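Understanding the architecture of this molecule
Chain residues, written in single-letter form:
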Amino acid sequence: MNFKYYNPVKIDFGIGSLERLSQWIGNRKALLITSNGFEERGVVASVKEKNPMITRVINNIQPNPTLEQLEVLYKELEFESFDVIVALGGGSVIDIAKALSIYKEKSSDEPFKLIENMLFNGYQSDEILYKPIIAIPTTAGTGSEVTPWGTIWDDVNKKKYSIHTDKLWCEVAICDPALTLTLPKELTIQTGLDALSHCLESLWNVNASPLTSNYATNAILKIVDVLPRLVNNLDDINLRSEMMLASLKAGLAFSNTQTAIAHAMSYYMTLHKDIPHGIAASITLPDILNVALTNAELKLDLQKCFGENPVEILNKLFGALHVTTSYTEYGLTELDFSLIKESLSQTSRAKNSLIDSNILFENISNKIRN
Ligand SMILES: [Zn+2]
């Protein structure tokens, strides 16, 4: 049994933990990055009032941040005007905050070239500097607050990029379940299923370790139990807390394994069919689970969380959430899946998978045909 595990993110978890933001900021000048909804609901005004060190706000981050949006924001940033970034929002906000944290002291090039170079070519250099990030997730699903990478979408060329460096860990993750109370039902379901996908992806993963699998199996048990109850009781703060903790554990698991085949397959669905990330990354889970159960070691782990008949329990969960796993209902055809299969060679995430993809794609074709 040999493994390494590393995660340097400080975690401040609990109802009301947002009140401790000023302690984490200290006497540093802060840039707040968030999305429109929080401005409209008055959250931004209240956070600013309690945190006078926040001197600038960017409040227009859209879901699935694109290269174009990143470029506009990046060119407007004055890196000397702040010392720390506070990212308040879902995965999109935290991901774009990561890209905006990157800079060089002196750069002869056009500044955005640096980011493009990192996104397109994986460029890294000791001269690259990073502003620290305080992440405040407002969904229970992304895990981005505890991972060292961020995703940027190119909706023109239909590509998904990620920046991944060992300097991209957030300084702190403030996980306040009260912030998820206003999350609508659909987003609660989507982000909850994304968290479930992160758990499963860290299990059927070449990088899995006893620690990551422990976090993952523990979180799966919780999600299967809590998510269906939560969608019928969106105001229940205890259920919100349980989901946030499960999502955090999922994040701690896949922060050290990365995702795998379900995510690798999902990017095509999001880019070409506009299927939201949490749905795209989870509707293949029952089919992948079926193949995973043919692996004796995985079967043991999976039965630990789902009981004797994992696929049945997982299908029951989708049923309770009223999320269909019928591909045709999402407009996905056999042709789409052959393109998805082709696209796997371009994503590193597919290489993490312990799943026999030939059997998986054959099963999916059969399912679509019948
Ligand atoms: Zn995901």
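Described below are features of the structure shown in this document. Being a predicted model, the structure only gives us computed values, none of them experimental. (Residues numbered from 1 in each chain as written. Predicted model: local features only at pLDDT ≥ 70, side-chain atom pairs only at ≥ 80, totals over all residues. Heavy atoms only, no water.)

**With respect to the coordination of the zinc ion**
The condition is simple: In this listing, donors mean N, O and S atoms no farther than 2.8 Å from the metal, or 3.2 Å for Na, K and Ca; water is missing from the atoms, so a site can look incomplete. A site with four donors is called tetrahedral when every donor-metal-donor angle falls between 85 and 135 degrees; four donors are called square planar, and six octahedral, when opposite donors sit more than 155 degrees apart and all other angles fall between 65 and 115; any other arrangement is irregular. Under the DSSP-based scheme used, a helix requires at least four consecutive residues in state H or I and a strand at least two consecutive residues in state E, with every element numbered from the N terminus.
Protein coordination at the zinc ion: the donors are Asp 194 (OD), His 198 (NE2), His 263 (NE2) and His 277 (NE2), at 2.1 to 2.2 Å from the metal. Around the zinc ion, the 4 donor atoms are arranged such that angles at the metal cover 86 to 168 degrees; this shape is classified as irregular. For the zinc ion, the single-chain donor residues occur in sequence as D-x3-H-x64-H-x13-H. Taken together, the residues span a long stretch of sequence, with Asp 194 in helix H7 (residues 185-203) and His 277 in helix H11 (residues 277-280) at a distance of 83 residues.

**Brief notes about the packing of aromatic side chains**
We count it as follows: Here the aromatic set is Phe, Tyr and Trp, taking the six-membered ring for Trp, and pairing holds for ring centres within 6.5 Å; pairs whose planes are under 30 degrees apart are stacked, those over 60 apart are edge-to-face, and all others are tilted. Burial classes follow relative accessibility: with a 1.4 Å probe on protein chains only, a residue under 20% of its type's maximum area counts as buried, one over 50% as exposed, and anything between as partly exposed. For a Lys NZ or an Arg CZ to count as sitting over a ring, it must be within 6 Å of the ring centre and within 35 degrees of the ring normal.
Taken as a whole and judged by the stated rule, the model has 10 aromatic pairs. Between the aromatic rings of Phe 79 and Tyr 103, the centroid separation amounts to 4.9 Å while the plane-to-plane angle is 15 degrees, which identifies the pairing as stacked. Taken together, the residues Phe 79 in the loop between helix H4 (67-76) and strand S4 (84-89) and Tyr 103 in strand S5 (residues 102-104) connect sequence positions 24 residues apart. Grouping residues by exposure puts Phe 79 and Tyr 103 together as buried. Ring geometry for Trp 153 against Tyr 267: centres 6.0 Å apart, planes inclined by 65 degrees, an arrangement best described as edge-to-face. Of this pair, Trp 153 sits in strand S8 (residues 149-154) while Tyr 267 is found in helix H10 (residues 261-273), placing the two residues 114 residues apart along the sequence. Judged by relative accessible area, which is 7%, Trp 153 ranks as buried. In textbook terms, an aromatic cluster arises when at least three aromatic residues are bridged by ring pairs, as seen for Tyr 74, Phe 79, Phe 82, Tyr 103 and Phe 112. When the ring centre of Phe 38 is taken as reference, the NZ or CZ atom of Arg 41 above it lies at 4.9 Å. The cationic tip of Lys 131 hangs over the ring face of Phe 82; the distance from NZ or CZ to the ring centre is 5.1 Å.

**Observations regarding H7**
Keep this limit in mind: In a helix, the anticipated span is given by 1.5 Å times the number of residues less one.
With 19 residues, H7 extends 27 Å from end C-alpha to end C-alpha; this agrees with the ideal 27 Å at 1.5 Å per step. Of all 19 residues that make up H7, 16 are buried, and the element is covered over most of its length.

**Digging into the side chain of Thr 191**
Worth spelling out the cut-off: The term polar contact refers here to a pair of N or O atoms within 3.5 Å; inside protein, the definition further demands a hydrogen-donor-capable atom paired with an acceptor-capable atom, and it admits residues adjacent in sequence only when both atoms are side-chain atoms. Whether two residues are in contact is decided by their heavy atoms, any of which lying within 4.5 Å being enough.
The residue Thr 191 is located in helix H7 in this model. On the accessibility criterion, Thr 191 (15% relative accessible area) is buried. At 2.5 Å, the side chain of Thr 191 and the backbone oxygen of Leu 187 are in polar contact. Beyond its immediate chain neighbours, meaning those up to four positions away, Thr 191 contacts Thr 139, Ala 140, Gly 141 and Leu 183.

**Overview of the packing of helix H12 (residues 285-292) against helix H16 (residues 357-369)**
Note the following rule: Every angle, taken between N-to-C directions, lies between 0 and 180 degrees, and every axis is a line fitted to C-alpha atoms, over only the stretch in contact when it is a helix. Here is the rule for angles: anything less than 35 degrees is roughly parallel, anything more than 145 is roughly antiparallel, 65 through 115 is roughly perpendicular, and the remaining ranges are oblique. Helix crossings are classified by the rotation of the near helix relative to the far one: an anticlockwise turn of less than a right angle makes the crossing left-handed, while a clockwise turn makes it right-handed.
Where H12 contacts H16, the axes come no closer than 10 Å and their chain directions differ by 130 degrees. Classified by the angle between their axes, H12 and H16 sit oblique to one another. Like other packed secondary-structure pairs, H12 and H16 cross with a definite hand, here right-handed. The segment H12 lies against H16, with Asp 287, Ile 288 and Val 291 engaging Ile 359, Leu 360, Asn 363, Ile 364 and Lys 367.

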